[in-house]
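Structural overview for review
Chain by chain, the residues run as shown.
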Amino acid sequence: MPATAFTRRVLAVLARIPPGRVLTYGDLARLAGRPGAARAAGNIMRTASVPGLPYHRVVAAGGRVGGYGSAPRLKADLLAAEGLRIRGRRILNFKERRLKATAGTPPASKSLN
DNA sequence: AGTTTGACAGCAC
DNA sequence: TGTGCTGCCAAAC
């Protein structure tokens, strides 16, 4: 179990990221209720002990892949396997694959995906 | 309880 | 494009 509510929220949001879609650390933090806590979110990803979560779907801002413990390349591979076009440390179709950060209840206007 | 540590973000060069 | 610096925050020391 997560130590704090923030951590729990972060993991909850993480768990609902659909395959093929990504979220930035900043988005994740914002959705978890701590805007600007992107760095802290990354720390949580790093120390999270909950298995089965799509940690690789959390990327850095600007379409950068970001880190992944000692295997950042694996992260890129996993993302590529889900349809993202990757070039080095960058996600080419980032804008298409980025999950819009809808906090809480969306107005239900456009069909997501 | 104070300090250090990053799987970050954004901007200046 | 890429590199470096500053600001931020929760966790680990």
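Remember, predicted model here, so these are calculated numbers, not experimental data.

Attention now moves to the protein's contact with DNA strand C. In the vicinity of DNA strand C, the residues found are Thr4, Phe6, Thr7, Arg34, Gly36, Ala37, Arg39, Ala40, Asn43 and Arg90. Across the atoms of DNA strand C situated within 4 Å of the protein, the share located in sugar and phosphate is 60%. Within the contact set of DNA strand C, a phosphate oxygen lies 2.6 Å away from a side-chain nitrogen or oxygen of Thr4. Take Arg39: an N or O atom from its side chain is 2.3 Å from a base oxygen of DNA strand C. Sorting the residues of the surface near DNA strand C by element identifies helix H1 (5-15) and helix H3 (38-47) as the ones contributing at least two each.

A few words on the pattern of salt bridges. Charged atoms that come close allow side chains of opposite charge to pair. If you walk through the whole model with that rule in mind, you get four salt bridges. Between Glu82 and Arg57 there is a salt bridge, and its shortest N-O distance comes to 2.9 Å. Placement of the pair is Glu82 in the loop between helix H4 (72-81) and strand E3 (86-87) and Arg57 in the loop between H3 and strand E2 (58-59), with a sequence separation of 25 residues. Arg57 sits in the buried class, given a relative accessible area of 10%. Three or more residues joined by partner-sharing salt bridges are found here, namely Asp27, Arg30 and Arg98.

Rules behind the numbers
- Residues numbered from 1 in each chain as written.
- Chains lettered and ligands numbered in written order.
- Predicted model: local features only at pLDDT ≥ 70, side-chain atom pairs only at ≥ 80, totals over all residues.
- Heavy atoms only, no water.
- Near = heavy atom within 4 Å.
- Polar contact = N/O pair within 3.5 Å; in protein donor to acceptor, adjacent residues only side chain to side chain.
- Helix = DSSP H or I, 4+ residues; strand = E, 2+ residues; numbered from the N terminus.
- Salt bridge = Lys/Arg side-chain N within 4 Å of Asp/Glu carboxyl O.
- Buried < 20%, exposed > 50% of the residue type's maximum accessible area, 1.4 Å probe, protein only.

Function cannot be inferred from these measures alone, as they are strictly geometric.
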